[in-house]
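Now for the letters of each chain:
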Amino acid sequence: MRIVVLTGAGISAESGVPVFRGSDGLWEGHRVEDVATPEGFARDPQQVHAFYNGRRAKLTGGAVEPNDAHRALAKLAAAPGVELFLVTQNIDDLHERAGSGEVLHMHGELLKARCQSCGAVVPWREDLSRASVCPACGEIDCLRPHVVWFGEMPFGLDETAAAISRADLFVSIGTSGRVYPAAAFVSWAREAGVPGLEINLDESDGSSLFTESRRGRAGELVPRWVDEVLAGRKDQG
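(A) Summary view of the overall build of the protein chain. For the protein chain, the helix and strand inventory stands at nine helices and 11 strands. In terms of overall dimensions, the protein chain is globule-like: its C-alpha atoms have a radius of gyration of 18 Å, near the 18 Å expected for 237 residues. With the principal axes as the frame, the protein chain shows a C-alpha extent of 60 × 35 × 35 Å. Taken across its 237 residues, the protein chain has 50% of its residues classed as buried.

Written as structure tokens, this is what we have:
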């Protein structure tokens, strides 16, 4: 069984990862244009580094841990007869820490840095600054957070489209349905004749496009759904 799962902020929020963009459009009191665009980084790299340093510290500080939804998806990926393609909008490492081996981070990863001189992507758990040195090329003042900012192309879109086109099921967990191109994944699934399941706390902008929607916490509903899938596989086998 081939399953494509898209996860969004809702799954990580249950682990204590804040949803940084508020209803006023601000990210922790900052304008999106100032901390989440290439232009903002060019204007004031120190401010952008400080913003992501704070997010990184919260992720690595010991208070944020994977929840039952993350663990259930790792269990699903390891099950015989299941081919899981897991793509996330989240830049945290909670899927990996729960045991998922292959995760496509379409918006990048907070615990990595990217060199604007040589293009290297390197693990990074400490603060970034203009004084940081690229481990690959030795240049200074060239590292940026390895995250996708507004105006930049998300990673792995062709790979995701191919996986959806041959899937038996598309599942969206904890997403608002407002951020493109991820919001279009359910439309890609419908066009390919792939049924869609939405698991979300509230109705999303794309709820009407799914074959089935389940409302509630991901930490409760995802393990229940995974158990259903695995029970079905056992019955078939």
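(B) Examining helix H7 (residues 157–165) more closely. Looking at H7, one finds that the buried residues are Leu 157, Thr 160, Ala 163 and Ile 164. Within H7, the buried residues cover an arc of 125° as seen down the axis, which keeps them to one side.

(C) Structural view of the sheet that holds strand E6 (residues 108–115). The sheet built from three strands is open, its strands ordered E7-E6-E8 with antiparallel pairing. Each having just a single partner strand, strand E7 (121–123) and strand E8 (143–147) make up the two edges of the open sheet. Within the sheet, the average angular offset between the axes of one strand and its neighbour, ignoring direction, is 45°. On the sheet, helix H4 (residues 45–60) packs against E6 and E8 and is oriented at approximately 135° with respect to E6.

(D) Up close: the packing of aromatic side chains. Scanning the entire structure with this criterion turns up five aromatic pairs. With a centroid separation of 6.3 Å and an interplanar angle of 45°, the aromatic rings of Tyr 52 and Trp 149 are classed as tilted. Linking Tyr 52 in helix H4 with Trp 149 in the loop between E8 and H7, this pair joins segments that are 97 residues apart in sequence. Across this residue pair, the class does not change: Tyr 52 and Trp 149 are buried. Seen in terms of ring centroids, Phe 170 and Phe 210 are 6.2 Å apart; in terms of plane orientation they differ by 15°. Their pairing is stacked.

(E) Molecular detail of the environment of Met 1. Among the structural elements, Met 1 can be located in the segment before strand E1 (2–7). Under the relative-accessibility criterion, Met 1 is labelled partly exposed at 32%. Between the C-alpha atoms of Met 1 and Gly 81, which are 80 residues apart in sequence, the distance is 6.2 Å.

(F) Representation of the sheet that holds E1. A sheet is described by the order of its strands in space; here six strands give the open sequence E5-E4-E1-E9-E10-E11, paired in parallel fashion. Looking at strand neighbours, the two that pair on one side only are strand E5 (104–105) and strand E11 (212–215), the edges of this open sheet. Bridging between strand E4 (residues 83–88) and E5 involves two bridges; their strand directions are parallel. In the strand pairing of E5, Thr 88 is matched with His 105. Together, E1, E4 and strand E9 (169–173) form the strand contacts of helix H5 (residues 68–77), whose direction differs from that of E4 by roughly 145°.

(G) Quick peek at H4. In this model, H4 (16 residues) spans 22 Å end to end at C-alpha, consistent with the 22 Å of a helix rising 1.5 Å per residue. Gly 62 sits one or two residues past H4 and shows a positive phi near 100°.

(H) Spotlight on the nonpolar core. Counting residues in each nonpolar core, the largest one holds 24 residues, and the members touching the most others are Ile 3, Val 5, Leu 76, Val 171, Ile 173, Val 222 and Trp 225. Secondary structure elements with two or more residues in this core: E1, H5, E4, E9, strand E10 (196–200) and helix H9 (218–236). Leave out the neighbours within four places in its chain, and Val 171 touches Ile 3, Val 4, Val 5, Leu 6, Leu 197, Ile 199 and Trp 225. Counting 17 residues, the second largest nonpolar core, distinct from the first, contains Phe 85, Ile 164, Ala 189 and Val 194.

(I) Looking closely at the pairing of E6. In terms of burial, E6 is a largely internal element, six of the eight residues being buried. Note that E6 and E8 share four bridges and pair antiparallel. Its bridge partner being in E8, Arg 114 is matched across the sheet by Arg 144. Bridging between E6 and E7 involves three bridges; their strand directions are antiparallel.

(J) Seen up close, unusual backbone geometry. For the bond from Tyr 180 to Pro 181, the omega torsion is 10°, close enough to zero to count as cis. Tracing the backbone through its elements, the reader meets Pro 181 in the loop between E9 and helix H8 (185–191).

Here is what the cut-offs are and how they apply
Within any chain, residue numbers begin from 1 and follow the written order of that chain's sequence. Local features in a predicted model are, by the rule used here, given only for residues with pLDDT of at least 70; side-chain atom pairs are given and counted only at 80 or more, and totals for whole chains, interfaces and linings are based on all residues. Hydrogens are left out, water is left out, and the side-chain values use all remaining heavy atoms of the structure. Secondary structure follows DSSP: runs of H or I at least 4 residues long count as helices, runs of E at least 2 residues long count as strands, and numbering of each begins at the N terminus. Our radius of gyration is a C-alpha quantity, and the globule rule it is checked against amounts to 2.2 Å times the number of residues to the power 0.38. For every residue, the accessible area obtained with a 1.4 Å probe (protein chains only) is divided by the maximum for its type, and the residue is called buried under 20%, exposed over 50%, and partly exposed between those limits. Read the arc as the range of directions from the helix axis to the C-beta atoms. Here the rule is simple: two strands pair whenever DSSP picks up at least two bridges between them. For helices, the axis comes from a line fit to the C-alpha atoms of the stretch in contact; other axes are also lines fit to C-alpha atoms, and the angle between any two N-to-C directions lies between 0 and 180 degrees. In what follows, a contact means two residues having at least one pair of non-hydrogen atoms within 4.5 Å. Think of it this way: a Phe, Tyr or Trp ring, Trp meaning its six-membered ring, pairs with another when their centres are within 6.5 Å, and the plane angle makes it stacked under 30 degrees, edge-to-face over 60, tilted otherwise. Expected span of a helix, by definition, is 1.5 Å for each gap between consecutive residues, and there is one gap fewer than residues. Only buried residues count toward a nonpolar core, which is a set of Ala, Val, Leu, Ile, Met, Phe, Trp, Tyr and Cys residues joined through side-chain atoms within 4.5 Å.

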